[in-house]
Amino acid sequence: MGMMRTDWTRDEIAALFDMPFLDLVYEAASIHRAHHPRNEVQLSTLLSIKTGGCVEDCGYCNQSASAETGLKATKLMDVRAVLQAAAQAKDNGSSRFCMGAAWRSPKDRDMPAIVEMVKGVRQMGLETCMTLGMLSEKQAAQLADAGLDYYNHNIDTSPENYANVITTRTFEDRIETLENVRGAGINVCSGGIVGMGEKREDRVGFLHALATMPHPESVPINALVPVKGTVLGDMLADTPLAKIDEIEFVRTVAVARIVMPLSMVRLSAGRESMSDETQALCFMAGANSIFTGDKLLTTGNAGDDKDSALFARLGVRAMQGEVKAELEAAE
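Residues numbered from 1 in each chain as written. Predicted model: local features only at pLDDT ≥ 70, side-chain atom pairs only at ≥ 80, totals over all residues. Heavy atoms only, no water.

Peer 1: Mind showing me how you'd approach the packing of aromatic side chains here?
Peer 2: For any pair of aromatic rings, the description consists of the separation of the ring centres together with the inter-plane angle of the planes. The final tally for this structure, using the stated rule, is two aromatic pairs. With a centroid separation of 5.7 Å and an interplanar angle of 80°, the aromatic rings of Y162 and F171 are classed as edge-to-face. Across this residue pair, the class does not change: Y162 and F171 are buried. A centroid spacing of 6.2 Å and a plane angle of 85° characterise the contact between F283 and F311, whose relative ring orientation is edge-to-face. Of this pair, F283 sits in helix 11 (residues 276-284) while F311 sits in helix 12 (residues 304-314), and the two are 28 residues apart along the sequence. For the residue pair F283 and F311, the accessibility class agrees, reading buried in each case. Over the ring of W8 we find R5, and its NZ or CZ is 4.1 Å from the ring centre. (Phe/Tyr/Trp six-rings, centres within 6.5 Å; stacked < 30°, edge-to-face > 60°. Buried < 20%, exposed > 50% of the residue type's maximum accessible area, 1.4 Å probe, protein only. Helix = DSSP H or I, 4+ residues; strand = E, 2+ residues; numbered from the N terminus. Lys NZ or Arg CZ within 6 Å of the ring centre and 35° of its normal.)

Spelled out as structure tokens, the structure:
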């Protein structure tokens, strides 16, 4: 185990999920230490540069125009305001700055401003990431020319469960955008959400889909934050399914680390409701990236001070970003 493979079978991944928990975490930790610096976690900051009003009907998302959450839609942020937020994120220790817009796909008229954001953030020495919905080959090439380091486009869940979560696009649509991004030479950030009422076999299928493509350089593992007024938030409210079992969540992180040994595995949404002990188990199981700050797009997050205190307790330090290292080496 631990070698780069894209021929994983579902039965093999299901067998990993079925391992005794302590053995699974030990296996994942061993693979992690073979490929990544120990006791280092990458800090990323996520900013919503265009909020709400999205025409997609993703059942988990309060930014969908079909969700009744009271969220006010906004226009694309001014480039200067985005760069100010990036500078603050850098001051707080982040090495990657991620920018998200609630679009099905960006319009060509929005691309010049997007390009300026990428260029400006990268000049600060931060790694750049964008999540703007589906991209054409031309748009992916524009972002690559601007120097974009990563593009996020999650597959969300297993191919079989996808239509239960979203009806306005297909699983294949997601894969096409990932291929456009990869073809443009941009690193891929792609993961999904657990705790949406899916079965373990869907978590197996979700990781199987990621592990049998060229492995994404970053794999965010989100725990659903049920928001009242969204399809899934209302469906799961006051049910045992409203929060995924934390041991099962750690299992998902551990299996992701084993089947994608070189990827950054990120604890993303839902971390604000996790205990410190669960997060520590996730780091032990191979998670080595988090979103820091008080907000993820429109939902709450643990916050910089809480993260700093947890890192101090665990003896974990922030990872230095690749762009910063490149700039320092060039000086």
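Peer 1: What is the right way to read the pattern of salt bridges from this model?
Peer 2: Pairs can form between side chains of opposite charge whenever their charged atoms are close. Evaluation of the coordinates by the stated rule reveals 15 salt bridges. Here E248 and R203 are joined by a salt bridge, their closest N and O atoms 3.1 Å apart. Here R203 lies in helix 8 (residues 200-211) and E248 lies in helix 10 (residues 246-259), a separation of 45 residues in the sequence. Residue E248 shares its accessibility class with R203, and that shared class is buried. Bridged by salt links that share partners, the residues D18, E198, R200, R203 and E248 form one connected network. (Salt bridge = Lys/Arg side-chain N within 4 Å of Asp/Glu carboxyl O.)

Peer 1: Got a minute to help me understand the pairing of strand 7 (residues 218-223) in this structure?
Peer 2: A large share of strand 7 lies buried, amounting to six of its six residues. Pairing analysis gives three bridges linking strand 6 (residues 192-194) to strand 7, with the strands arranged parallel. By the bridge assignment for strand 7, I193 is matched with N222. Where strand 7 and strand 8 (residues 264-267) come together, four bridges link them in parallel fashion. Bridge pairing links I221 to L267 in strand 8. (Pairing = 2+ DSSP bridges.)

Peer 1: Would you mind showing me how to read the packing of helix 1 (residues 10-17) against helix 10 here?
Peer 2: Think of two packed helices as two axes; the pair is described by the angle between the axes and how far apart they sit. In contact at an axis separation of 9 Å, helix 1 and helix 10 are set at 135° when each is read in the N-to-C sense. Between helix 1 and helix 10, the interaxial angle falls into the category oblique. For the pair helix 1 and helix 10, the crossing hand works out as right-handed. Between helix 1 and helix 10, the residues in contact are I13, L16 and F17 and E248, R251, T252, V255, I258 and V259, respectively. (Axes fitted to C-alpha atoms, helices over the stretch in contact; angles between N-to-C directions. Parallel < 35°, antiparallel > 145°, perpendicular 65-115°, else oblique. Left-handed = near helix turned anticlockwise from the far one by under 90°. Contact = heavy atoms within 4.5 Å.)

Peer 1: Help me understand helix 7 (residues 171-183) in this model?
Peer 2: What sets the pattern is the α-helix's 3.6 residues per turn: residues three or four places apart point alike. Taking 1.5 Å as the rise per residue, helix 7 with 13 residues should run 18 Å; its terminal C-alpha atoms sit 19 Å apart, in good agreement. Against helix 5 (137-146), strand 4 (150-152), helix 6 (162-165), strand 5 (187-189) and helix 8 lie the buried residues of helix 7. (Expected span 1.5 Å × (residues − 1).)

Peer 1: Sorry, what's going on with the state of the cysteines here?
Peer 2: Cysteine pairs can be covalently joined through their sulfur atoms, and such a bond is termed a disulfide. Scanning the entire structure with this criterion turns up zero disulfides. With no disulfide of its own, C98 has C129 as its nearest cysteine by sulfur position, at a separation of 4.1 Å. Judged by its relative accessible area of 3%, C98 falls in the buried class. With no disulfide of its own, C189 has C129 as its nearest cysteine by sulfur position, at a separation of 4.9 Å. (Disulfide = S-S within 2.5 Å.)

Peer 1: Would you explain the environment of V79 in this entry?
Peer 2: By the secondary structure assignment, V79 is in helix 3 (residues 79-91). Placed 41 residues apart in sequence, V79 and G120 show a C-alpha to C-alpha distance of 8.6 Å. In this structure V79 touches A113, E116 and M117, once residues within four positions along its chain are discounted.

Peer 1: It is not clear to me how unusual backbone geometry should be interpreted in this structure. Could you clarify?
Peer 2: Negative phi values dominate among residues other than glycine, just as trans dominates among peptide bonds. Even without a glycine there, the phi angle at N39 is positive, about 60°. Tracing the sequence through the fold places N39 in the loop between helix 2 (21-35) and strand 1 (40-50). For N39, a relative accessible area of 35% corresponds to the partly exposed category.

Peer 1: What's the story with the packing of helix 8 against helix 10 in this structure? I'm lost.
Peer 2: Close contact between helix 8 and helix 10 brings their axes to 10 Å; oriented N to C, the two are set at 25°. In this view, helix 8 runs roughly parallel relative to helix 10, as classed from their interaxial angle. Where helix 8 crosses over helix 10, the handedness of that crossing is right-handed. Note on element contacts: helix 10 touches helix 8 through E248, R251, T252, V255, A256 and V259, opposite R200, R203, L207 and A211. For the contact of helix 8 with helix 10, the per-class residue count stands at five nonpolar, one polar and four charged. (Nonpolar A, V, L, I, M, F, W, Y, C, P; charged D, E, K, R; others polar.)

Peer 1: Help me out: how do you make sense of the nonpolar core in this one?
Peer 2: Most often, soluble globular proteins have nonpolar side chains that are buried together. Counting residues in hydrophobic clusters, the biggest one holds 84 residues, and the most contacted among them are I49, M130, L143 and F249. For this core, the leading source of residues is helix 10, giving eight residues. Apart from the residues within four sequence positions on either side, L143 is in contact with M111, I114, V118, L132, L135, L148, Y151 and I186. Residues L46, C98, C129 and F291 belong to the second largest nonpolar core, which totals five residues. (Core = buried A, V, L, I, M, F, W, Y, C linked by side-chain atoms within 4.5 Å.)

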